[in-house]
Amino acid sequence: MEKQLHLNMLASRPPVPGGLQSGSKMRMGPGRKRDFSPLPWSQYFEVMEDVEVDNENSKDTFRIYSSGSEGPVLLLLHGGGHSALSWAVFTAVICSRIHCRVVAMDLRAHGDTTVKNNEDLSAETMAKDVGKVVEALYGEAPPPIMIIGHSMGGAIAVHTAAANHVPSLLGLCVIDVVEGTAMDALNSMQNFLRSRPKTFKSVENAIEWSVKSGQIRNIESARVSMVGQVKKCEEPLSSPGMSKSITEGCKRCEEPLSSPGMSKSITEGCKRCEEPLSSPGMSKSITEGIIEEEEEEEEEGQSNHKRKKEDDPEVKKESVYTWRIELSKTEKYWEGWFKGLSSLFLSCSVPKLLLLAGVDRLDKDLTIGQMQGKFQMQVLPQCGHAVHEDAPDKVADALATFMVRHKFTVFKEGFP
């Protein structure tokens, strides 16, 4: 139950059955090695640009990805910790279904957006950001716009709509965020964030973790999305992918732990005092699984890089990647994102669509509102929290059908 509560808070999520079975070793077998290399944004979007908006005595710059040249605009807002690239695969699919334009933006402190005050992540400020970006893109006569938001982005979409920051608002779509479960999850969210890896040895390693931990179940989406979630550390760490406490030694007895390969003894605990060594890197089963897979690759001769000696200069200079945003530092804004969200959502006068990964997400207000026909709801089973990444086809089909039903647009020739 606790894991389910986490789903509605942020885009990241703890391990789920779809990612890794407990105790499994994730054997891939010869010829079955998956490709975790990153994919370029240009494979899914037509244009990438930076949009400047005025902010008191300075300017903020928001990274925008877009596609399409006709029809209503789908303004896409990502979840906490993610970026506009989380919408990449969905964008390619929806543009093949209906006549529309897509604009996906990196919210402040996320992705490649740069703002004067990176620490202000209040719902009010981020909602104003959305309005300013729309004004910068389209001036005083914006085209019809439907805002679509996932998780934190869904909350910001509701705040934006309720504050009328987008005067040409056509409709509102919120993906897998409900006030009740989100508020219940706040107390345990810091523990969840601490359980994530602090660093990765490469972008490929980050992509691999996201898939095997169950954060993103669609490997194609992970390969383009994770690029927007991690960044290269300014100063390489001594042991990529491992927490500082592990690389320095045991906190209790200060026994040095010299094992760059993350041996089983390190993941289990200190040999001298048997103090457990928490590795925010991953759960024991995930860590052992990735280690074992790496060992199998060495035996099969698939990775020359892993054979390099510990004192190889090239290994020491290897870059380390970390999260672009420290979500734990945004805690003071969490309640503001979600408190009162259900009533705010129901108060929006435009047609509304709520897409959920499970019907158990509904709280009392939304259950009553759904029974009264105040919004349309669709449950997409067999998806993780990142519904639009795990099942972009299903989300695109649901959204396309919703928009055509309300006569916002029409299907493209040959579809459905």
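Residues numbered from 1 in each chain as written. Predicted model: local features only at pLDDT ≥ 70, side-chain atom pairs only at ≥ 80, totals over all residues. Heavy atoms only, no water.

Caption draft 1: Structural context of the layout of surface pockets. Within this model, the second largest pocket holds a volume of roughly 740 Å³. In this structure, the second largest pocket is lined by 24 residues; those nearest its centre are Arg324, Ile325, Glu326, Leu327 and Lys329. Of all the secondary-structure elements, those providing two or more residues to the lining of the second largest pocket are helix H5 (179-194) and strand E9 (321-323). Element by element, the count of residues in the lining of the second largest pocket is highest for H5, at three residues. (1 Å grid on protein atoms, 1.4 Å probe; cavity = no way out; pocket = protein on both sides within 12 Å on 5 of 7 lines; lining within 4 Å. Points joined across faces, edges and corners; volume = space filled by probe spheres on them. Helix = DSSP H or I, 4+ residues; strand = E, 2+ residues; numbered from the N terminus.)

Caption draft 2: A look at empty space enclosed by the protein. Taken as a whole and judged by the stated rule, the model has three cavities of 30 Å³ or more. Quantified by volume, the second largest cavity comes out at close to 60 Å³. What lines the second largest cavity is simply Val174, Val177, Val178, Glu179, Leu341, Ser342, Phe345, Leu354 and Leu366. It is helix H13 (residues 341-347) that provides the largest number of residues to the lining of the second largest cavity, a total of three residues. Within the lining of the second largest cavity, the residues separate by chemical class into seven nonpolar, one polar and one charged. (Nonpolar A, V, L, I, M, F, W, Y, C, P; charged D, E, K, R; others polar.)

Caption draft 3: Geometry of the sheet that holds strand E2 (residues 58-67). An order of E1-E2-E4-E3-E5-E6-E10-E11 is seen for the eight strands of this open sheet, with the pairing classed as mixed. Looking along the sheet, the strands with just one partner apiece sit at the ends: strand E1 (47-55) and strand E11 (376-379). The mean angle between the axes of side-by-side strands here comes to 25°, regardless of whether they run parallel or antiparallel. Inspection of the sheet shows strand E6 (residues 169-175) paired to strand E10 (residues 352-356) by four bridges, in the parallel sense. Within E10, the position partnered with Leu172 by the bridge is Lys352. Packing against the sheet, helix H3 (residues 123-138) makes contact with E1, E2, strand E3 (73-77), strand E4 (101-105) and strand E5 (145-150), and its axis sits at approximately 115° to E1. (Pairing = 2+ DSSP bridges. Axes fitted to C-alpha atoms, helices over the stretch in contact; angles between N-to-C directions. Contact = heavy atoms within 4.5 Å.)

Caption draft 4: Just the sheet that holds strand E7 (residues 199-200), in detail. Strand order in the open sheet formed by three strands is E7-E9-E8, and the pairing between neighbours is antiparallel. Two strands lie at the open edges of the sheet, namely E7 and strand E8 (230-232), each paired on one side alone.

Caption draft 5: Structural view of the side chain of Asn55. Within the fold, Asn55 resides in strand E1. Given the relative accessible area of 16%, Asn55 is considered buried. Only 3.0 Å separates the side chain of Asn55 from the side chain of Asp60, close enough to count as a polar contact. When sequence neighbours within four positions are dropped, the list of residues in contact with Asn55 reads Asp60, Lys116 and Lys132. (Buried < 20%, exposed > 50% of the residue type's maximum accessible area, 1.4 Å probe, protein only. Polar contact = N/O pair within 3.5 Å; in protein donor to acceptor, adjacent residues only side chain to side chain.)

Caption draft 6: Layout of the pattern of salt bridges. All told, the structure shown has 12 salt bridges when counted by the stated rule. Put simply, Arg63 and Asp50 hold a salt bridge, and the shortest N to O gap is 2.5 Å. In this pair, Arg63 sits in strand E2 while Asp50 sits in strand E1, placing the two residues 13 residues apart along the sequence. Of the residues examined, Arg63 reaches a relative accessible area of 13% and is grouped as buried. With a relative accessible area of 41%, Asp50 lands in the partly exposed category. Among the salt bridges present, the one from Glu326 reaches Lys329, with a minimum N-O distance of 3.4 Å. (Salt bridge = Lys/Arg side-chain N within 4 Å of Asp/Glu carboxyl O.)

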